[in-house]
Structures are given as structure tokens and as C-alpha cells.
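The primary structure of each chain is shown beneath.
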Amino acid sequence: MKKWVSLGIIYVAAVFAVFAIATGQNPLASGEMEHNEHTGEHEEMDHSAEEMSSSGEIPAGLKKASDPTFEVGSEAIISADHMPGMDGAVAKISGALDTTVYTVSYTTDDGQEIENHKWVIHEELENPDAAPLEPGTEVVLNAEHMEGMHGTHAEIDSADETTVYMVDFETTDTGEKVQNHKWVTEEELSPAD
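Fair warning: this is a prediction, and the values are worked out from it, not measured in the lab.

Calculation notes
- Residues numbered from 1 in each chain as written.
- Predicted model: local features only at pLDDT ≥ 70, side-chain atom pairs only at ≥ 80, totals over all residues.
- Heavy atoms only, no water.
- Core = buried A, V, L, I, M, F, W, Y, C linked by side-chain atoms within 4.5 Å.
- Buried < 20%, exposed > 50% of the residue type's maximum accessible area, 1.4 Å probe, protein only.
- Helix = DSSP H or I, 4+ residues; strand = E, 2+ residues; numbered from the N terminus.
- Contact = heavy atoms within 4.5 Å.
- Patch = residues over 30% accessible without salt bridge, like charges linked within 9 Å, V, L, I, M, F, W, Y side chains within 5 Å.
- Areas by Shrake-Rupley, 256 points an atom, 1.4 Å probe, with all protein chains shown as cover.
- Salt bridge = Lys/Arg side-chain N within 4 Å of Asp/Glu carboxyl O.
- Lys, Arg positive; Asp, Glu negative; His and termini not counted.
- Charge placed at Lys NZ, Arg CZ, Asp CG, Glu CD.
- Pairing = 2+ DSSP bridges.
- Polar contact = N/O pair within 3.5 Å; in protein donor to acceptor, adjacent residues only side chain to side chain.

Draft legend 1. Focus on the nonpolar core. With 17 residues, the main nonpolar core has Ile78, Ile93, Tyr165, Val167, Phe169 and Leu189 as its most contacted residues. Broken down by secondary-structure element, the contributors of at least two residues to this core are β4 (75–78), β5 (90–107), β8 (153–170) and β9 (177–185). With residues near it in sequence (within four places) discarded, tyrosine 165 still touches Pro68, Thr69, Phe70, Ile93, Gly95, Ala96, His181, Trp183, Val184, Thr185, Glu186 and Leu189. In this structure, Val104, Val120, Leu125 and Met146 belong to the second largest nonpolar core, which totals 14 residues.

Draft legend 2. A look at a negative patch on the surface. Negative charge collects at one region of the surface, where Asp109, Asp110, Glu144 and Glu147 lie side by side. With respect to the helices, strands and loops of the structure, glutamate 144 is situated in the loop between β7 (138–140) and β8. Assessed through its relative accessible area of 46%, glutamate 144 is described here as partly exposed.

Draft legend 3. The arrangement of the pairing of β5 in detail. Burial within β5 is extensive, with 13 of its 18 residues counted as buried. Pairing between strand β3 (residues 63–64) and β5: two bridges, direction antiparallel. The residue bridging lysine 63 from the neighbouring strand is aspartate 98, located in β5. Direction of pairing for β4 relative to β5: antiparallel, over a ladder of three bridges. In the strand pairing of β5, glutamate 75 is matched with lysine 92. Relative to β8, β5 runs antiparallel, the two sharing 15 bridges. Pairing of threonine 99 across the sheet is with threonine 162, part of β8. Direction of pairing for β5 relative to strand β6 (residues 113–121): antiparallel, over a ladder of six bridges. Opposite threonine 107, over in β6, you have glutamate 113 as the bridge partner.

Draft legend 4. View of the environment of proline 135. Inspection of the secondary structure assignment puts proline 135 in the loop between β6 and β7. Along the backbone, proline 135 and isoleucine 156 are 21 residues apart, and their C-alpha atoms lie at a distance of 4.8 Å. Every residue in contact with proline 135, bar those within four places of it in the chain, is listed here: Ile156, Asp157 and Ser158.

Draft legend 5. Region of the structure containing the side chain of glutamate 188. Along the polypeptide, glutamate 188 turns up in the loop between β9 and β10 (189–191). A polar contact is formed between the side chain of glutamate 188 and the side chain of tryptophan 119, at a distance of 2.9 Å. With near-sequence residues (within four places) excluded, glutamate 188 lies in contact with Ile77, Ile78, Ser79, Ala80, His82, Lys118, Trp119 and Trp183.

Dropping the structure here:
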């Protein structure tokens, strides 16, 4: 009996996932599903402009980029869909920093599995070894990019030494203002000519 119930749950989840992938819409709610571009999975998230914004405070030990492609104060086009309304938005660069950036997978306090979250930087990890950390390394997150993230145990999925940017933008879907969003990488920005 448990086998049939499990198969039924998997079938229903697959139907919802296929619908969401095919239509780009959440079949259960009003647009609060995040598409994970690495796994194709959808995760229920509250990505309001307020949550996408930050105080702009930079973690201790982080160094400003010496020669960033996009200068602080300049504009760029975002080509990343970490959350709804981000892809295609015009961003004003509010910070450019050289560091190691990671994608991480973790489980929130309420049991939600987050895979390949972009991005957490080395300085947002609790007492990490020297950068870059290898994929598979277990870490504790000191970032609060989304609800339920801070203090969770995570696994490093990938690492890249690069320039990361903090950006201000208006969402393309609702026009909400996002301030000091952390983080986008150089590869996720293009000149705003």
C-alpha cells in the first residue's frame, strides 16, 4: 500500500512539475514558484522585492574589485533568472567585489529542499577552510538571501573565483524596486548600451 501511495505522490508531483515547466506558471499559487535553472525543478519561494533587497552591508574581509568589468554606478542588463522579474532587468551596479562564489544545496527549517542556489560567497560561510572549497564540502550558511537560509547546513555544488556584483533594479514583472541584491556574477551581466 505504501508503495502505491508513494507512486501516486510522485506521479502528481511530476504532473505539476511538467505543467509548471511547460507553462512557466505555478499550478497551485500566484507566481511564487522559483524555477531552478540547473535542475529544472520548481521550488515554492516568497521572492518579494523586499526579500531580494539587502542592507548593502558587505561581509568582513571582502575586498572591492580592483578592475571590475562593470564599475560601481554603471548600468548593465541582468541575464539570470534566480527569481521572477530579474531576467532582462536593467541593473545599477552598487558593489563589485572579488571573491569565490558558490552554488549550494540545503534544506530549510521547514523541510524545503533547495538545490543549486545561486549565489553564496566565501565570506558568507561560517568558519570556512581556505577558498575555493571543493564540491561536496559541507558548510554552514551565514547569509539570509531568502527566508530559512541563515544557519542551515549546506553542501557546495560548485565554486568559481570571480567578481560578484551587488545590484539595484526594478523587477520586469511588477516594477518593484530591489536594492542591493546579492549576488550576480560577471557572466550574468551584459552592457546596457
